[in-house]
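# Secondary and tertiary structure notes
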Amino acid sequence: MSFVSRHLVALVALLLLPCVLCAQPTAVGTPRRSDQRRVSLTVATRALARGEALQPADIAVVDTIITWRWNGLAPDTTPALPGWVTRRPIMAGEVLRAPAVSAPPVIAGGATVHAIWQDGPLTLVLSGVATNTASVGAPVGVRIDRTRRLDGIAVAPNTVRLR
């Protein structure tokens, strides 16, 4: 990332994050507009480098109110958990959400995996090599031999459910 891009990201974060971090919590009985929702967001407590695993001290939970138009997509409020990995540098106070952070990978590219296909009582288990690194729920390619490749979803450490 270039010097200008990094500083542009920092400037945008400084302009947008005060509304998240300094939002005034409303009392329980205070009415809100119909397009406002109370959400809990996870934010970084310190600057994090790319590839760092999150520790409990790196995560703070902030309750805030956001404006959300019902005709749009729901905001991503998935909480980042300890053990998740940063995929890019993150500044202190920045909201921790995908794709900036992700669950730790359960399959490493080049590792031997068990590929499972199941249809009712019939189960087929093959051994192969993962073609990419993936976390739970991510797509994984499995190379069975030099000419055959299957696609599946990572479900557990070194285990793929074939599609």
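Figured I'd write up the structure that's included with this text. (Residues numbered from 1 in each chain as written. Predicted model: local features only at pLDDT ≥ 70, side-chain atom pairs only at ≥ 80, totals over all residues. Heavy atoms only, no water.)

Turning our attention to unusual backbone geometry. Of the consecutive residues A98 and P99, the connecting peptide bond is found in the cis state with omega at 5 degrees. Turning to its location among the elements, P99 is positioned in the loop between β3 (85-86) and β4 (101-102). For N158, which is not a glycine, the phi torsion comes out positive at approximately 55 degrees. Mapped onto the fold, N158 is located in the loop between β8 (149-156) and β9 (159-162). (Helix = DSSP H or I, 4+ residues; strand = E, 2+ residues; numbered from the N terminus.)

Turning next to a nonpolar patch on the surface. Side chains of W117, L122 and L124 sit close together on the surface and give an oily, nonpolar patch of about 280 Å² of accessible area. Structurally, L122 is set in strand β6 (residues 122-130). For L122, a relative accessible area of 52% puts it in the exposed group. (Patch = residues over 30% accessible without salt bridge, like charges linked within 9 Å, V, L, I, M, F, W, Y side chains within 5 Å. Areas by Shrake-Rupley, 256 points an atom, 1.4 Å probe, with all protein chains shown as cover. Salt bridge = Lys/Arg side-chain N within 4 Å of Asp/Glu carboxyl O. Buried < 20%, exposed > 50% of the residue type's maximum accessible area, 1.4 Å probe, protein only.)

Once that is clear, we can look at the sheet that holds strand β7 (residues 139-143). Reading around the circumference, β5-β6-β7-β8-β9 is the order of the 5 strands in this closed barrel, with mixed pairing throughout. Here the average twist between neighbouring strands, direction ignored, is 50 degrees. (Pairing = 2+ DSSP bridges. Axes fitted to C-alpha atoms, helices over the stretch in contact; angles between N-to-C directions.)

Take the side chain of T42 next. With respect to the helices, strands and loops of the structure, T42 is situated in strand β1 (residues 36-44). Taking relative accessible area as the criterion, T42 reaches 7% and is therefore assigned buried. At 3.2 Å, the side chain of T42 forms a polar contact with the backbone nitrogen of A80. (Polar contact = N/O pair within 3.5 Å; in protein donor to acceptor, adjacent residues only side chain to side chain.)

With that settled, the discussion passes to the environment of W68. One can find W68 in the loop between β2 (59-67) and β3. The class for W68 is buried, based on a relative accessible area of 18%. Sequence separation of W68 and R37 is 31 residues, and the distance between their C-alpha atoms is 6.9 Å.

Let's shift gears to the pairing of strand β5 (residues 112-119). Pairing analysis gives 8 bridges linking β5 to β6, with the strands arranged antiparallel. Within β6, the residue paired with Q118 across the bridge is T123. With antiparallel pairing between neighbouring strands as the criterion, β5 and β6 make up a hairpin whose turn holds 2 residues, including G120 at a positive phi of roughly 65 degrees. Bridge analysis of β5 against β9 gives 3 bridges, and the strand direction is parallel. Paired with H114 across the strands is T159, a residue of β9.

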